[in-house]
Amino acid sequence: MMNMKPILSVMLGAALMLASCGGGKYKVAVTFPDDSFNGKMAYLTSYDTGDTIDSASVANKCVQLSGQVDGSYYARLIVDGSRLGLIVEDGDIAVLWKDHKATGTALNDKLNELNKQLDGFDNEFNQVSEQFKSKKITEAQADALGKRINDKMADCFHSAYEANKDNGIGPWAFNYYIMLKEFNLQQLDSLIKTAPEGYAKLKRVQKAVSDAKQKQLTAVGKRFTDFEITCEDGSKSRLSDFVGKGRYAVVDFWASWCGPCRAEIQGALMDIYKKYGGKLDVVGVAVWDDPADTHKAIAELQIPWRVMIGNGKLEQPTDLYGISGIPHIMIVDPKGVIVSRGLQGDALEAEVAKLMK
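Now for a look at the structure at hand. Because the structure is a prediction, the values reported are computed rather than measured.

Examining helix α3 (residues 169–181)
Structurally, the α-helix is built with 3.6 residues per turn, so residues lying three or four positions apart point the same way.
Then step 1. With 13 residues, α3 should cover 18 Å at 1.5 Å per step; its first-to-last C-alpha distance of 18 Å lies within 8% of that length.
Then step 2. Extensive coverage of α3 is indicated by the burial of twelve of its 13 residues.

Written out as C-alpha cells, the structure reads:
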C-alpha cells in the first residue's frame, strides 16, 4: 500500500486569496498545555510556497499571530516541528495546541467537520493494515480495500472542493483530490480549466501538472531517464551506472521513515534479490530523506543491494519520474526500456518471475 505525502496535512498559502469582499484582520491565539513550549518559535506559513507569513516566540504558554487578510487561505502553523493546518480569515482564531485544531471562525469550524471525515478514512486504513499484519487478509485483499478507501477519500475531497471553490477550503480539497486520483496530463488540464482562475497559479497544482508530464515521458515502453546525484564524499553517481547494463534492474525509490517502503524491502524486494540476484540487479534510490537516516535504515533492514544516497535530501529523481508517493518500484529491461512501474508485493514478484523465465 502506498505511503503518500501526508494526506491529512493542509494546503495553500498566502499566494492565493479567495472570496475577497474587502480587507480584514486575522488573529491566531494559540494556547499550549505546559511551560515546555515557552521560548519556542511559532511560525504561520504558506503550505503552498513555504513562505513565513508571521512568527513569534511562545511566552507564558501562549503566542499570538496577526495580520491583514483579503479573503481566506489555507496555512500551516508550525511549532517545535509539529504542524497544524488552519484557514486564515477575518476574525479571531483560537487554537488549543493539545486539541490540535483551530476554532472560532466559520471556515475553520467547517474544516473541523471535514477533518472528522478524513480521520475516519485514516482509521479505516489503519484497520486494513492491522488485518494484513495479523494475516487475517491477503495482500491482494488489503490492496483492494485500500483502493476502495482511497476512492471514498477522493470523493470526499471532490465534494469539499465543489462546495468551497471560492474560499480557502476549495484549493486544499482540489489539491488532494487530484493527488488521490492521479489523473493523467490530459485529465488534469481539463480539470484545471474548469477550476477558478487562481488555482492554476498554485505551486502545488503546477507541481501536479509537472509530475503528470514526467509520468508521461517516463511511462512503460519509454527508455529510462538518467539522473546524476552528488554523493556524500563528493563523487558522482548516475542511475545509468546501475540500469541498462544488459540485465533487468529493479529500481526502488524509498525513504527510511516510510513504513510501506520498509515493508516492501523486507518482503517482495528481499525475496526477489534472494531468488534472482544472480540474474538481475536491484538498486535503491533514497529520496526525501537525510543521508544519516538512510544509512541507519540500511543497517537495520540489512539491505544487501546498492543504494544511491545523495549529500542531502534527494528530490530530483522523483521529480524526473513524476513520483508523488513512495515506495515506487520500476523495472528496467536489459536495454534500458521501462517495462513496469508502480507494482508492489505479490504483483511485483509475479512480474519479475515472468521476466526471468
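What follows continues from the structure just given.
Some thoughts on unusual backbone geometry
Negative phi values dominate among residues other than glycine, just as trans dominates among peptide bonds.
Then step 1. Along the chain, Ile326 connects to Pro327 via a cis peptide bond; the corresponding omega equals 5°.
Then step 2. The residue Pro327 is located in the loop between β14 (325–326) and β15 (328–332) in this model.
Then step 3. Of note in the backbone geometry, Asp80 takes a positive phi value of approximately 55° without being a glycine.
Then step 4. Its place among the elements puts Asp80 in the loop between β5 (62–79) and β6 (82–89).
Then step 5. Assessed through its relative accessible area of 55%, Asp80 is described here as exposed.
Then step 6. Phi at His100 takes a positive value of approximately 55°, unusual for a residue other than glycine.
Then step 7. With respect to the helices and strands, the residue His100 is situated in the loop between β7 (91–96) and β8 (101–103).

Overview of helix α7 (residues 291–301)
Then step 1. Every buried residue belonging to α7 is among Pro291, Thr294, Ala297, Ile298 and Leu301, and all of these are buried. Along the long axis of α7, the arc covered by the buried residues comes to 120°, so they all point the same way. In α7, the exposed positions that point more than 90 degrees away from the buried face belong to Ala292, Lys296 and Ala299.

Thoughts on the side chain of Ser256
Then step 1. Secondary-structure assignment places Ser256 in the loop between β11 (249–254) and α6 (259–276).
Then step 2. On the accessibility criterion, Ser256 (11% relative accessible area) is buried.
Then step 3. Within the structure, the side chain of Ser256 is placed 2.6 Å from the side chain of Asp289, a separation counted as a polar contact.
Then step 4. Aside from chain neighbours lying at most four places away, what touches Ser256 is Arg262, Asp289, Asp293, Thr294 and Ala297.

Rules and cut-offs
In this convention, every chain numbers its residues from 1, walking through the sequence in written order. Since the coordinates come from a predicted model, pLDDT governs what is reported: local features require at least 70, and pairs of side-chain atoms require 80 or more to be given and counted, while whole-chain, interface and lining totals use all residues. Hydrogens and water are ignored here; the side-chain numbers use all heavy atoms of the structure. Numbering goes from the N terminus for both helices and strands, where a helix is a DSSP run of H or I of at least four residues and a strand is a run of E of at least two. Helices are assigned an expected span. That span is 1.5 Å times one less than the residue count. Each residue is placed in one exposure class: buried if its accessible area under a 1.4 Å probe, protein chains only, is under 20% of its type's maximum, exposed if it is over 50%, and partly exposed if it falls in between. Our arc is simply the arc of the directions from the helix axis toward the C-beta atoms. For the purposes of these results, a polar contact is taken to be a pair of N or O atoms within 3.5 Å, where, inside protein, one atom must be able to donate a hydrogen and its partner to accept one; residues adjacent in sequence count only when each atom of the pair is a side-chain atom. Here, two residues are considered to be in contact whenever any of their heavy atoms come within 4.5 Å of each other.

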